[in-house]
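Structural overview
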Amino acid sequence: MPLARPHIEPRRVPTADSLVVKEIYLSVQGESSHAGLLCSFVRLTGCHLRCSYCDSEFAFHGGQRRKISEVVDEVKALGSPRVEVTGGEPLLQPGVYPLMEQLLASGMTVLLETSGAIDVRLVPPAVHKIVDMKTPSSGESDRNDYRNLESMNANDELKFVIGSREDYEWSKRLITEHRLLDKPYELLFSTVHGKITTKDLAEWVIADRLPVRFQLQMHKYIWDPNERGV
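Keep in mind the model is a prediction, meaning the values are calculated, not measured. (Residues numbered from 1 in each chain as written. Predicted model: local features only at pLDDT ≥ 70, side-chain atom pairs only at ≥ 80, totals over all residues. Heavy atoms only, no water.)

Right, let's talk about the packing of helix α1 (residues 68–78) against helix α2 (residues 96–105) for a bit. For any two helices packed against each other, one specifies the crossing angle of their axes together with the interaxial distance. As a packed pair, α1 and α2 sit with axes 10 Å apart at the nearest point and diverge in direction by 40°. Accordingly, the angle class assigned to the pair α1 and α2 is oblique. Relative to α2, the crossing made by α1 is right-handed. Residues I68, S69, V71, V72 and V75 of α1 pack against P98, L99, Q102 and L103 of α2. Partitioned by chemical class, the residues of the contact of α1 with α2 number seven nonpolar, two polar and no charged. (Axes fitted to C-alpha atoms, helices over the stretch in contact; angles between N-to-C directions. Helix = DSSP H or I, 4+ residues; strand = E, 2+ residues; numbered from the N terminus. Parallel < 35°, antiparallel > 145°, perpendicular 65-115°, else oblique. Left-handed = near helix turned anticlockwise from the far one by under 90°. Contact = heavy atoms within 4.5 Å. Nonpolar A, V, L, I, M, F, W, Y, C, P; charged D, E, K, R; others polar.)

Have a look at this one:
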């Protein structure tokens, strides 16, 4: 396992009243146990990782600084009871915590998609955290913050994006070594789109009787894999 680089500590600033937003849109949730459900998305700008399989590089830069209250109003106007905060890496912006708190206060179900490279301990417990455990083929597995394995709760899901047999075996070892089947959160396995087939991964999971949730990135099968705003 590569030598881990220093972690970025989560930073919550309660007085933060704005964030840099790349896009806000309405779609169906494509991944996780919420897949197939109507969902609004708030994509924040910025990421400190450069994963080989990243499908949101356009969010590394640009966007507009917006008041959190304006973002919440726009999300509410989209009409979905569910919203996902994503990126990039949304936890890089201190204003993400007040954003999630205000979305929860408005009565919405709030999901957070995060890289797994920043500890989620400051995220409100009611948020459904989807934490991406970086596999070797990502090129960023040394950035995994293993404190997340203890910071997550029963609302949450730990996602492994598998791009090779090596990734699969690495993920199985991690599950065993950290006794992840005893944790309260769910484990998700999905493929790197275009790297291995969904059939291969499904058959590996079946052969090993692995008690994980096999999932597809549904939006990449409904729309063009490179299409934005879906």
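From this point, the discussion proceeds with the structure in view.
Opposite charge on two side chains allows them to pair when their charged atoms are near. Counted according to the given criterion, the structure contains 19 salt bridges. With its nearest N and O atoms 2.7 Å apart, the salt bridge here joins E169 to R165. One end of the pair is E169 and the other is R165, both in helix α4 (residues 165–177) and four residues apart, which spans about a single turn. Take R165: its relative accessible area is 37%, and that puts it in the partly exposed class. Linked by salt bridges that have partners in common, E9, D119, R121, D145 and R147 make up one network. (Salt bridge = Lys/Arg side-chain N within 4 Å of Asp/Glu carboxyl O. Buried < 20%, exposed > 50% of the residue type's maximum accessible area, 1.4 Å probe, protein only.)

This part covers α4. For α4, with 13 residues, the first-to-last C-alpha span of 18 Å sits near the 18 Å given by 1.5 Å per residue. Where the residues of α4 are buried, they touch β6 (128–133), β7 (157–162), β8 (186–191) and α5 (198–207). Positive phi appears at R179, one or two residues downstream of α4, with a value of about 50°. (Expected span 1.5 Å × (residues − 1).)

On to the pairing of β8, then. Most of β8 is tucked away: five of the six residues are buried. Looking at chain direction, β7 and β8 are connected through six bridges and run parallel. Pairing of F160 across the sheet is with F189, part of β8. Once the chain exits β7 it traverses α4 before rejoining the sheet at β8, and the crossover so formed is right-handed. Sheet analysis places β8 next to strand β9 (residues 213–214), joined by two bridges and oriented parallel. Bridge pairing links F189 to F214 in β9. Note on the crossover from β8 through α5 to β9: the handedness is right-handed. (Pairing = 2+ DSSP bridges. Right-handed = clockwise from strand over helix to strand, strands pointing away.)

A few words on the nonpolar core. One broad rule of soluble globular proteins: the nonpolar side chains tend to lie buried together. Judged by nonpolar contacts, the single largest core of 45 residues is most densely connected at M100, L158, F160 and F189. Per-element accounting of this core gives the leading share, five residues, to α2. Aside from chain neighbours lying at most four places away, what touches F160 is M133, W170, S171, L174, I175, L180, L187, L188, F189 and S190. Judged by nonpolar contacts, the second largest core, of eight residues, contains C51, Y53, F60 and V192. (Core = buried A, V, L, I, M, F, W, Y, C linked by side-chain atoms within 4.5 Å.)

Looking now at the environment of R213. Mapped onto the elements, R213 comes out in strand β9. C-alpha separation for the pair R213 and S190, spaced 23 residues apart in sequence, amounts to 8.6 Å. With near-sequence residues (within four places) excluded, R213 lies in contact with S33, E186, L187, L188 and F189. A distance of 2.7 Å separates polar atoms of two side chains, one belonging to R213 and the other to E186. (Polar contact = N/O pair within 3.5 Å; in protein donor to acceptor, adjacent residues only side chain to side chain.)

With that out of the way, let us pick up the packing of aromatic side chains. Scanning the model with the defined rule gives four aromatic pairs in all. Taking 5.1 Å as the distance between ring centres and 15° as the angle between the ring planes, the aromatic pair formed by Y25 and F41 counts as stacked. Here the residue Y25 occupies a position in strand β1 (residues 18–28), and F41 occupies one in strand β2 (residues 38–44), the gap between them amounting to 16 residues. For the residue pair Y25 and F41, the accessibility class agrees, reading buried in each case. Members of the aromatic cluster, joined through ring pairs, are F160, Y168, F189 and W204. Directly above the ring of F60 sits R50, whose terminal nitrogen or CZ lies 3.8 Å from the centroid. The side chain of R165 reaches across the aromatic face of W204, ending 4.8 Å from its centre. (Phe/Tyr/Trp six-rings, centres within 6.5 Å; stacked < 30°, edge-to-face > 60°. Lys NZ or Arg CZ within 6 Å of the ring centre and 35° of its normal.)

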